[in-house]
Amino acid sequence: MVVPDYILVQTATNVWHKLVQSTETEWVNRELSVVIKLEKMSEGSFEVVLKKTDTLVKRIQIEWCSKISPETLVLGDAFERSYADLGFNSVNEFKLYHWYVLLKDSEQNRMYGVKIQPNALCSFKVYPDSIDLIIDVRSGTNAINVSERDLNCCTVVTKVDKGIDAFDSLRDFCKVMANNYPVTEETYIGSNDWYYAYGHNSHELVVKNAEFMKMICRDIDYNPWVVIDDGWQIDHDPEHGYNGGPWRDTNQTFEDMTSCVSKMLEIGVRPGLWFRPLLTRETDYQEMALNKEENDTIQYFLDPSHPTVKKVIRDDITQFKDWGFEMIKHDFSTVDIFGLWGHEMTLDYFKNETTFYSNKLTTAEIIKEFYQLIRDNAGDMKIIGCNTISHLSAGVFELMRIGDDTSGVNFERTVAYGVNTLAFRTVQNGIFYAADADCIGISDHIPWDNNKEWLKLLAASGTPLFISCDPEKLSEEMINDLKEAVKRSFENAKRDDQLKPVSWEFQQYPSRWERGTQKTNFSWFDKPKQIYTGKS
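Residues numbered from 1 in each chain as written. Predicted model: local features only at pLDDT ≥ 70, side-chain atom pairs only at ≥ 80, totals over all residues. Heavy atoms only, no water.

**Comments concerning the nonpolar core**
Applicable threshold: Side-chain atoms within 4.5 Å are what join buried Ala, Val, Leu, Ile, Met, Phe, Trp, Tyr and Cys residues into a set we call a nonpolar core. Only protein chains enter the accessibility calculation, which uses a 1.4 Å probe; a residue is then buried when its area is under 20% of its type maximum, exposed when over 50%, and partly exposed in between. Starting at the N terminus, helices and strands are each numbered in turn, a helix being any DSSP run of H or I of at least four residues and a strand any DSSP run of E of at least two. The contact criterion used is simple: two residues touch if any of their non-hydrogen atoms lie within 4.5 Å.
Ranked by internal contacts, the top residues of the largest apolar core, which has 165 residues, are Ile135 and Trp232. Among the elements that line this core, the one with the most residues is helix H7 (residues 363-378), at eight residues. Apart from the residues lying within four places of it in its own chain, the contact partners of Ile135 are Val48, Lys58, Arg59, Ile60, Ile62, Ala120, Leu121, Cys122, Cys153 and Cys154.

**A closer look at the pairing of strand S13 (residues 151-161)**
What counts, and what does not: Strand pairing is assigned whenever DSSP detects at least two bridges linking the two strands.
A large share of S13 lies buried, amounting to eight of its eleven residues. Bridging between strand S6 (residues 45-50) and S13 involves six bridges; their strand directions are antiparallel. Across the sheet, the residue bridging to Val48 is Cys154, located in S13. Pairing of strand S10 (residues 109-114) with S13, which is carried by six bridges, proceeds in the antiparallel orientation. Directly across from Val114, in S13, lies its bridge partner Val156.

**With respect to the sheet that holds strand S23 (residues 434-436)**
To keep things clear, this is the line we draw: Axis lines are fitted through C-alpha atoms, for helices just across the contact stretch, and the angle between N-to-C directions can take any value from 0 to 180 degrees.
The sheet built from nine strands is open, its strands ordered S23-S22-S21-S20-S16-S15-S14-S25-S24 with parallel pairing. With one partner strand each, in any of the chains shown, S23 and strand S24 (440-441) form the two edges of the open sheet. Taken together, the four bridges between strand S16 (residues 270-275) and strand S20 (residues 327-330) define a ladder with parallel strand orientation. The residue of S20 that forms the bridge with Gly272 is Met327. Strands strand S14 (189-192) and strand S25 (465-468) of the sheet are contacted by helix H11 (residues 476-492), whose axis makes an angle of about 160° with S25.

**Quick look at unusual backbone geometry**
With omega at 15°, the peptide bond leading from Gly245 into Pro246 counts as cis. Note on placement: Pro246 falls in the loop between strand S15 (225-228) and helix H4 (257-267). Its identity is not glycine, yet Asn14 carries a phi of approximately 75°, on the positive side. The topology assignment puts Asn14 in the loop between strand S1 (6-11) and strand S2 (16-18). Residue Asn14 is classed as partly exposed on the basis of its relative accessible area of 43%. The phi dihedral of Asp438 is positive, around 90°, even though this residue is not glycine. Turning to its location among the elements, Asp438 is positioned in the loop between S23 and S24. Since its relative accessible area comes to 2%, Asp438 is described here as buried.

**Here's the deal with the packing of helix H10 (residues 448-461) against H11**
Applicable threshold: Convention used here: angles under 35 degrees read as roughly parallel, angles over 145 as roughly antiparallel, angles from 65 to 115 as roughly perpendicular, and any remaining angle as oblique. Each crossing gets its hand from how the near helix is turned against the far one by less than a right angle, where anticlockwise is left-handed and clockwise is right-handed. Asp, Glu, Lys and Arg are counted as charged, while Ala, Val, Leu, Ile, Met, Phe, Trp, Tyr, Cys and Pro are counted as nonpolar; the rest, among them Gly, fall into the polar class.
Between H10 and H11, the shortest axis-to-axis distance is 8 Å and the interhelical angle comes to 20°. Between H10 and H11, the interaxial angle falls into the category roughly parallel. Judged by the sense of rotation from one axis to the other, the crossing of H10 with H11 is right-handed. In this structure, H10 uses Trp448, Lys452, Leu455, Ala459 and Ala460 to contact H11, whose residues at the interface are Glu477, Met478, Asp481, Leu482, Ala485, Arg488, Ser489 and Asn492. Split by residue class, the contact of H10 with H11 holds seven nonpolar, two polar and four charged.

**Notes on the side chain of Arg281**
Just so we agree on the cut-off: Under this definition, polar contacts are N or O atom pairs within 3.5 Å; protein pairs additionally need one hydrogen-donor-capable and one acceptor-capable atom, and for neighbouring residues in sequence, both atoms have to be side-chain atoms.
Residue placement: Arg281 occurs in the loop between strand S17 (279-280) and strand S18 (289-294). We classify Arg281 as buried; its relative accessible area is 18%. Within the local environment of Arg281, its side chain forms a polar contact with the side chain of Asp235, the two groups lying 2.8 Å apart. Once residues within four sequence positions are removed from consideration, Arg281 is found in contact with Asp235, Asp237, His240, Tyr242, Gly245, Thr297, Ile298, Gln299 and Tyr300.

**Some words on helix H5 (residues 307-323)**
The condition that has to hold: A helix is expected to span 1.5 Å for every residue after the first.
Compared with the 24 Å implied by 1.5 Å per residue over 17 residues, the 25 Å span of H5 between its first and last C-alpha is a close match. Looking at the buried residues of H5, the elements they touch are H4, S16, strand S19 (298-302), S20 and H7.

**Describing H11**
Rules: Taking the helix axis as origin, the arc is that swept by the directions to the C-beta atoms.
Taking 1.5 Å of rise per residue, 17 residues should cover 24 Å, and H11 covers 24 Å from first to last C-alpha, within 8% of that figure. If you check which residues of H11 are buried, you get Met478, Ile479, Leu482, Ala485, Val486, Ser489, Phe490 and Asn492. Taken around the axis of H11, the buried residues stretch over an arc of 165°, which confines them to a single face. Where the residues of H11 are buried, they touch S14, helix H3 (203-216), H10, S25 and strand S27 (512-515).

In structure tokens form, the structure reads like this:
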């Protein structure tokens, strides 16, 4: 199963060239002087190494010829967060599956993937007669120069299971891809102000959240997290659609961040802070930008490989530590680098032509260095990666937001983005990272009977539980439900088994879930169904 049938390379001219297998582990194209070695071959894995060459290479294609039965169901992962787009499908030759793919038929589960922390962007395509892996080794949109080094692109892993539930099979495969990475066994319960403040936060609002979270966690002897989201920064300007840096100071809604953090710690909560490290309007950095956007103002999307940008990020994180924060949530870096959200990407990945300062490193290597820079400078602080690349976040960040935003005003969005991502990526929870399916956003816009279902699912899953609400607008029933959810979440986070979606093979928003012998049904849609038609 593991030995490829074909290997091809795409050069700087965009032409694909076949390689010929010269030995058991070596594939060559003598005309191009290109050699691909399959190193450390075993029954289910091998490393893909592009040997040193003067030929500029963009991509490598590996193909396994295999007949796919018509009844086969196919499931893959997302590039970064998911966008209500995960689920089992029949064979679709035009669909991309990032990082790994599961093929389920009546007899077995077949899985193909790459281990976490690859040095290339990897995705799979499934055809009726083959499975193909496309390994993007470009630096930005440019072919890579490896004239002075061998490039270890990725480690391919494969697995076949028979007589095993597809969820359990895929969860075990995630452990293979994670290569026994030790994820910290920690419970994450807290608040985030985004889904009711929507950028209009303040010192007073944060203190109120802290007092509320400490109150509802009193019965579990736990110091909850309180994350200050977008809105605190000095150049916060929602009127012009700007939410970037600088990050060195607060705006007038906060007295000063040191006193705010001191108050949070005095209350007994752990402080967290959101920031967007790669966006600025400061013209001093325009020469270090990958791209810029001109609307009412000029915004610069910074190159994470530039030495000056790296220094700014280090200084920002040092400032956050000096203020006393214990968690960082960093956001928007994927769209700031590529110009596209994950669901918009094709095999081109980038919206515009892009050249990095470190142009002899692959895009994946550059992003890995960027993530590691945040990790190293954060020290003991916990890190939430939001809009970060899943396979490159795994093994570096404690938490990753696995889906796009839920909502504090539209329950359909919460179901679409929250339930879907939890169903199809909870296999990764506690293996790649703590899988954060996003907040329960509580407001008058969403009936509590609906929102309570999402709260119950989050609590039952034991995945991170972040609550976003104005405590002064909660009824006694809602407060009691939140207290109970916090207890359940705290208990379930410590369990070895994982809540799994029983109906995931035929529902994108599964209603039937189970953990051990305990089965639970959820109702995501009213009876009769409430249809949202928009404004016209």
